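For reference, the chains in residue letters:
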Protein chains: 4
Amino acid sequence: MKKNIVDLQEKLQALLLTQQDNFLQGAVADYIPALASVKPDLVGISVATIDGNVVGAGDYQRPFSIQSISKVFGLVMAMNRVGDSLWQRVRMEPSGQPFNSIIQLEWEKGIPRNPVINAGALLVSDVLASHFSSSKLAFLTFIRKLAGNDTIRVDNQVYQSELTHGNRNAALAYLMKSFDNIEAEIPDVLSHYFTQCAISMSCQQLATSLLFLANKGIDPRTKNNICTARDAHRVNAILSTSGMYDQSGEFAFSVGLPAKSGVGGGVIAIVPGYGVICAWSPPLNKFGNSVVGMNLVSDIAEELGLSIYH
Amino acid sequence: MKKNIVDLQEKLQALLLTQQDNFLQGAVADYIPALASVKPDLVGISVATIDGNVVGAGDYQRPFSIQSISKVFGLVMAMNRVGDSLWQRVRMEPSGQPFNSIIQLEWEKGIPRNPVINAGALLVSDVLASHFSSSKLAFLTFIRKLAGNDTIRVDNQVYQSELTHGNRNAALAYLMKSFDNIEAEIPDVLSHYFTQCAISMSCQQLATSLLFLANKGIDPRTKNNICTARDAHRVNAILSTSGMYDQSGEFAFSVGLPAKSGVGGGVIAIVPGYGVICAWSPPLNKFGNSVVGMNLVSDIAEELGLSIYH
Amino acid sequence: MKKNIVDLQEKLQALLLTQQDNFLQGAVADYIPALASVKPDLVGISVATIDGNVVGAGDYQRPFSIQSISKVFGLVMAMNRVGDSLWQRVRMEPSGQPFNSIIQLEWEKGIPRNPVINAGALLVSDVLASHFSSSKLAFLTFIRKLAGNDTIRVDNQVYQSELTHGNRNAALAYLMKSFDNIEAEIPDVLSHYFTQCAISMSCQQLATSLLFLANKGIDPRTKNNICTARDAHRVNAILSTSGMYDQSGEFAFSVGLPAKSGVGGGVIAIVPGYGVICAWSPPLNKFGNSVVGMNLVSDIAEELGLSIYH
Amino acid sequence: MKKNIVDLQEKLQALLLTQQDNFLQGAVADYIPALASVKPDLVGISVATIDGNVVGAGDYQRPFSIQSISKVFGLVMAMNRVGDSLWQRVRMEPSGQPFNSIIQLEWEKGIPRNPVINAGALLVSDVLASHFSSSKLAFLTFIRKLAGNDTIRVDNQVYQSELTHGNRNAALAYLMKSFDNIEAEIPDVLSHYFTQCAISMSCQQLATSLLFLANKGIDPRTKNNICTARDAHRVNAILSTSGMYDQSGEFAFSVGLPAKSGVGGGVIAIVPGYGVICAWSPPLNKFGNSVVGMNLVSDIAEELGLSIYH
């Protein structure tokens, strides 16, 4: 399955060229000014493999707002911290609804469908805010360690912007609290959530920091156990059925990899036993997924025959 | 990944013993008398591999009502017949709703979420009823060829029973027709649908007849191209996100294989590159999935390390 | 409250003039050809009082398709036939949904919210089809007697058209049957329903035939007891909260009379203790209510101070 | 329609006796301790007429928590303050949903169905909080003036309790804010809302203070114009279609008066042209309406022939 690494570097470069103007088919997220001002024609891709190679092309070393990709890290932290009790408070089913829907949360009595829709990520944020003395610092420390890079930081302008426009997330959190499914104070939960969303990372940093999910929970570079093999499996399963918002089925159908996108334009895809792909291009389609980011992941997955559905 | 076939036979035998009384945790489908009268303690499992081995234990050669497992065969037939135009009329997203929900069909203007919920399978039945001069015969012929067994037949008592109790499926079909998403006459669509649901097959027949999905569309025994590699991939993707009704996410989370269940108690799971598992035990959990059938697939998948999410 | 009858005649005439071009603000129902071909600038109004006066203006003696106004007659017939047991099978709550929504019917397990949305009227049709040897004839006879006119008839072209385009109503009926809330065969229920919808009556005929609802159940001309005073009250209550589809609240808010509209462009309004108003103009607003018909009823109600909310 | 006032007094007394043990059929609201501790067998009724009579029986002079009955006063204040622009931000349709449902608010993009469900009352509270320098004081002043009683006050224990258990109302408010349909800060909106809900009044105070709604907007005792005749009409219309939560249709059907209930056990009913009835008994049915309160209003309405639907 693996390819010569020079070849791969060239492939990435070539793929970027095929996508040159496709970013025009989407629109940069504009619900907060801090994201709306990002240049739409930035584009990067990076592949990290469990046997130690990291390649990239385009703006793959330029940090961008990871947004919902942070849900993957938060989920791993919460699983490590509270174990299987987490699944009493959040399910692992696809939602069949837009990512920020409040309807299903009402039907299902405050139990989010899965941890990678907004309600579920707020639930996870509550777990972290309740179980760490300083959950934001703990989160940043976790990510920095995974990426092996102490310069990763929260973009304060994005954070402030999210806070100002976070009314729907506040509604989701208060609704869960009304069902007794939130322990911490809502402002603390929201502050944690918006903090993790506002972290900036590059394609290369994201690809390398998630390698443990492709390697049964073990960081292949440090040999550290980041999570159990079972939990790596579970995260990959959730990302396969629910990671790409309400386009998750289509992504499985056409690409076939556990993946997560963020409204900053990033897309990460886990290839169990091989490595991690991360692509970035800010303009989004109507589902909130990066148009070019998806194309790039799709093309490289097909080129290398990486799909888990064969 | 493969194991010595004698070992496997013994493993299946041993697994059956561990499940001896677990069928008491479920209830046999009772919406039609023909299913309600099935003995609850029947149980079978079969594994067929693409390198030609077929093993089984328990009642693995006894035919049972395949019910919704027939949706897999129907989908392949429809893909072969009308190509990508199929995806104009049905989506490939998980539903986040019970399998027979009419609510989402209304919201989404008569376009079913995917081809393995009831609405989607009725849509597929419409495609078949509209594009084959005798769709029921064509279906039976297709299955018999795949299983290499001309004795496979429709259980007429089940068929009649389904017809009598098919009001909800009729409602789904008429609602789609009101959105101009059904071409044939509704009674013909329903008759096709209930016919394919009423087919009886054994675990062994199901496991062998679906091997092409584990082998890029090619039947490993006959080398026949049953569908394209791309379509085999797509079917596996759909089964991964949506095959186990509203428990699909949990099944991915805990087992990690493309799978489909039927209210007759059957569960099939595709292992790309390896083979097919089929388990059967009539009592169902609240989601409509066989309790013991799921356990058996789960245990064998874990034992052999078959999950696609690693 | 009553006014000199000559005055009233002149008022109606004058009101028609004020509405001359307002029909341009709506669109004639086009879901069936038989309705789509009606001239949009036809307009009529009639007022019948319980003290025996009947006046009208415009095309008030020209028959039009009564459509959902027939639900009022059907409800009275069913109440008379099965008594309070009717309310085990249909509720009397406003729906908060479009008139043909199937979503609420699913939530509420096949029990329609009220007898004047489509699902409820189909339920009532089932009661009639099950309890009369020839329910269509019984219905026509009932209406002819109320209107004192034996020439009232079913428009067969409309009936055939409805039948061809009745898939959504079929879906509603089959869904109720799946909840065991339909007794007769669905084709019989639909045939009854489309028959009563396809009856043609004039404004004058509708106004006079409904006088019993303004007069505690007694037809003021014949002194016949058409229904109990309690049931007249109940019908008026249902029409007040639910008679004008999902614009019922607004109609109460701005006009303040029990009323029922039909997609043929008719609107009837009951004035308890006074009489009945019927207006007709084919073009409909987005809620399915006649634009000019509503204006006319509103103006005459305000002019005469007829609102029940004062 | 009016009756001798001594007779009426006796009737009320007699009615109370018929309901002696019926309070056992309901349960006192227990979502906050301050309400849960109210004695369940308290019961009172009062009738005030526009010609100046006020009678009562039982605990009709004992203050109780008016809760949602306060929505009526708030609505009148908001209509007076911002005029018809209010109806750009809230509709006047029945909801067909439980009073605190968040689902419909999502569907309808943050525009509440009507001002007497929770979302609508929060919207009204936002109007008041935004347009009065001290909306809570203005509200209390308004009510005291209407009741002619300066001792009416907010129960601070109830207020604090509501605040602590107000997460669902917070969710509704934040969701509306996410649709830009809330102007003030959410804590201010909630504080106003819980303040008006926590006001204590007796049956007699409520009956007399709402007389203007039965008298075209004019307080019959002071001759003050409290609101326009048109707005009195509109409030009565809204109470008729939506005042009794998701039992509004049934209340219209069986009683036939504009009415509003509160979870403190109070029920007020407006009789246009006659007066106001207020009954109180803490135990509630599953819809949140006082069991005995409804019975009392129903009985007196029937006895006196007060229904607006005749």
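Residues numbered from 1 in each chain as written. Chains lettered and ligands numbered in written order. Predicted model: local features only at pLDDT ≥ 70, side-chain atom pairs only at ≥ 80, totals over all residues. Heavy atoms only, no water.

Draft legend 1. Broad picture of unusual backbone geometry. Of note, the phi angle at Gln67(B) is positive, near 50°, even though the residue is not glycine. Following the sequence through the fold, Gln67(B) ends up in the loop between strand 3 (64–65) and helix 3 (70–82). For Lys109(C), which is not glycine, the phi dihedral falls at a positive 55°. Looking at the secondary structure, you find Lys109(C) in the loop between helix 4 (103–107) and helix 5 (118–131). (Helix = DSSP H or I, 4+ residues; strand = E, 2+ residues; numbered from the N terminus.)

Draft legend 2. Quick look at the packing of helix 3 (residues 70–82) of chain A against helix 9 (residues 186–197) of chain A. Residues and elements named next belong to chain A. For the pair helix 3 and helix 9, interaxial distance at closest approach is 9 Å and the crossing angle is 125°. In terms of their interaxial angle, helix 3 and helix 9 are classed as oblique. Handedness of the crossing formed by helix 3 with helix 9: right-handed. Facing Ser-70, Lys-71 and Gly-74 of helix 3, the residues of helix 9 in contact are Tyr-193, Gln-196 and Cys-197. A per-class count over the contact of helix 3 with helix 9 returns two nonpolar, three polar and one charged. (Axes fitted to C-alpha atoms, helices over the stretch in contact; angles between N-to-C directions. Parallel < 35°, antiparallel > 145°, perpendicular 65-115°, else oblique. Left-handed = near helix turned anticlockwise from the far one by under 90°. Contact = heavy atoms within 4.5 Å. Nonpolar A, V, L, I, M, F, W, Y, C, P; charged D, E, K, R; others polar.)

Draft legend 3. Just the packing of aromatic side chains, in detail. A full pass over the atoms with the stated rule returns 18 aromatic pairs over all chains. Between Trp107(A) and Trp107(C) the ring centres are 6.4 Å apart and the planes differ by 75°, which places this aromatic pair in the edge-to-face class. Here Trp107(A) is found in helix 4 (residues 103–107), whereas its partner Trp107(C) is found in helix 4 on a different chain. Judged by its relative accessible area of 25%, Trp107(A) is partly exposed. Ring centres 4.7 Å apart and planes at 10° place the aromatic pair Phe64(C) and Trp280(C) in the stacked group. In this pair, Phe64(C) is assigned in strand 3 (residues 64–65) and Trp280(C) in strand 8 (residues 275–280), connecting sequence segments 216 residues apart. (Phe/Tyr/Trp six-rings, centres within 6.5 Å; stacked < 30°, edge-to-face > 60°. Buried < 20%, exposed > 50% of the residue type's maximum accessible area, 1.4 Å probe, protein only.)

Draft legend 4. Broad picture of the relation of the copies chain A and chain B. Superposition of chain A onto chain B requires a rotation of 180° combined with a translation of 0.0 Å along the rotation axis, giving an RMSD of 0.0 Å. On this basis, the relationship between the two copies can be described by a two-fold rotation axis. (Least-squares fit on C-alpha atoms with pLDDT ≥ 70 in both.)

Draft legend 5. Structural view of the pairing of strand 2 (residues 54–58) of chain C. Residues and elements named next belong to chain C. Bridge count between strand 1 (residues 44–49) and strand 2: five bridges; the pairing is antiparallel. By the bridge assignment, Ala-48 is partnered in strand 2 with Val-54. Hairpin remark: strand 1 followed by strand 2, antiparallel, with four residues in the connecting loop; positive phi at Gly-52, about 105°. (Pairing = 2+ DSSP bridges.)

Draft legend 6. Spatial organisation of the pattern of salt bridges. Across all of its chains, the model carries 44 salt bridges over all chains by this definition. Linking Glu183(D) and Arg89(D) is a salt bridge whose minimum nitrogen-to-oxygen distance equals 3.7 Å. Residue Glu183(D) is located in the loop between helix 8 (167–178) and helix 9 (186–197), and its partner Arg89(D) is located in the loop between helix 3 (70–82) and helix 4 (103–107); the two are separated by 94 residues in the primary sequence. Judged by relative accessible area, Arg89(D) falls into the buried class, the value being 15%. Residues Arg113(D) and Glu108(D) are paired through a salt bridge, measuring 2.9 Å at the closest nitrogen-oxygen approach. Pair check on accessibility: Arg113(D) and Glu108(D) agree, each one buried. By sharing partners, the salt bridges in this structure join Arg91(A), Glu108(A), Arg113(A) and Asp246(B) into a single network. (Salt bridge = Lys/Arg side-chain N within 4 Å of Asp/Glu carboxyl O.)

Draft legend 7. Quick peek at the sheet that holds strand 5 (residues 199–201) of chain C. Residues and elements named next belong to chain C. Taken in spatial order, the three strands of this open sheet run 3-5-4, and their pairing is antiparallel. One side of each edge strand has no neighbouring strand; the edge strands of this open sheet are strand 3 and strand 4 (153–154). Alignment of strand 4 against strand 5, held across two bridges, turns out to be antiparallel. Across the sheet, Val-154 pairs through a bridge with Ile-199, a residue of strand 5.

Draft legend 8. Fine view of helix 1 (residues 5–18) of chain C. Residue and element names in this part refer to chain C. Compared with the 20 Å implied by 1.5 Å per residue over 14 residues, the 20 Å span of helix 1 between its first and last C-alpha is a close match. Taken together, the buried positions of helix 1 are occupied by Leu-8, Leu-12, Leu-15 and Leu-16. Projection of helix 1 onto a plane perpendicular to its axis shows the buried side chains occupying an angular sector of 100°, all on one side. Facing away from the buried side of helix 1 by more than 90 degrees, the exposed set consists of Glu-10 and Leu-17. (Expected span 1.5 Å × (residues − 1). Arc of directions from axis to C-beta.)

Draft legend 9. Representation of the sheet that holds strand 4 (residues 153–154) of chain B in the model. Residue and element names in this part refer to chain B. Read across the sheet, three strands follow the order 3-5-4 without closing on themselves; strand pairing throughout is antiparallel. Strands at the two margins of the open sheet, each flanked by one partner only, are strand 3 and strand 4. In this sheet, strand 5 (residues 199–201) lies alongside strand 3 in antiparallel orientation, the contact comprising two bridges. Bridge assignment links Phe-64 to a residue of strand 5, and that residue is Met-201.

Draft legend 10. Geometry of helix 6 (residues 135–147) of chain D. Residue and element names in this part refer to chain D. Its 13 residues give helix 6 an end-to-end C-alpha distance of 18 Å, which sits within 8% of 18 Å, the value for a rise of 1.5 Å per residue. Within the sequence span of helix 6, burial applies to Ser-135, Ala-138, Phe-139, Leu-140, Phe-142, Ile-143, Leu-146 and Ala-147. Gly-148 occupies a position one or two residues after helix 6 and carries a positive phi of about 60°.

Draft legend 11. Main features of the interface of chain A and chain B. Opposite the 39 residues of chain A that make contact, chain B presents 39 residues. Taken together, both faces of the contact between chain A and chain B bury some 3,000 Å²; the carbon and sulfur share is 60%. Where chain A packs against chain B, one counts four salt bridges. Across the salt bridge formed by Asp246(A) and Arg113(B), the nearest N and O atoms sit 2.7 Å from each other. Here chain A is connected to chain B by 16 residue pairs in polar contact (both at pLDDT 80 or more). With eight residues, helix 12 (residues 229–242) of chain A is the largest single contributor of residues to the side of chain A that touches chain B. A breakdown of the residues in the side of chain A that touches chain B according to their chemical character gives 14 nonpolar, 16 polar and nine charged. (Buried area = accessible area lost by both parts, 1.4 Å probe. Polar contact = N/O pair within 3.5 Å; in protein donor to acceptor, adjacent residues only side chain to side chain.)

Draft legend 12. Here's a closer look at the side chain of Ser135(A). Residues and elements named next belong to chain A. Structurally, the position occupied by Ser-135 is in helix 6 (residues 135–147). Among the polar contacts listed, one links the side chain of Ser-135 to the side chain of His-192, at a separation of 2.8 Å. In this structure Ser-135 touches Leu-128, Ala-129 and His-192, once residues within four positions along its chain are discounted.

Draft legend 13. Structural detail: the environment of Tyr309(D). Inspection of the secondary structure puts Tyr309(D) in the segment after helix 14 (291–304). Given a relative accessible area of 1%, Tyr309(D) falls into the buried group. Between the C-alpha atoms of Tyr309(D) and Gly256(D), which are 53 residues apart in sequence, the distance is 6.0 Å. Ignoring sequence-local partners within four residues, the contact set of Tyr309(D) consists of His233(C), Asn236(C), Ala237(C), Ser240(C), Pro258(C), Pro272(C), Ile308(C), Tyr309(C), Ser240(D), Ala252(D) and Gly256(D).

Draft legend 14. Up close: the packing of helix 3 of chain A against helix 5 (residues 118–131) of chain A. All names here are of chain A. Helix 5 packs onto helix 3 with a crossing angle of 50° between their chain directions and a minimal axis gap of 9 Å. When the interaxial angle is binned, helix 3 and helix 5 end up oblique. As helix 3 runs across helix 5, the sense of the crossing is left-handed. When helix 3 is examined against helix 5, the residues Lys-71, Gly-74, Leu-75, Met-77, Ala-78, Arg-81 and Val-82 are found in contact with a partner set consisting of Asn-118, Ala-121, Val-124, Val-127, Leu-128 and His-131.

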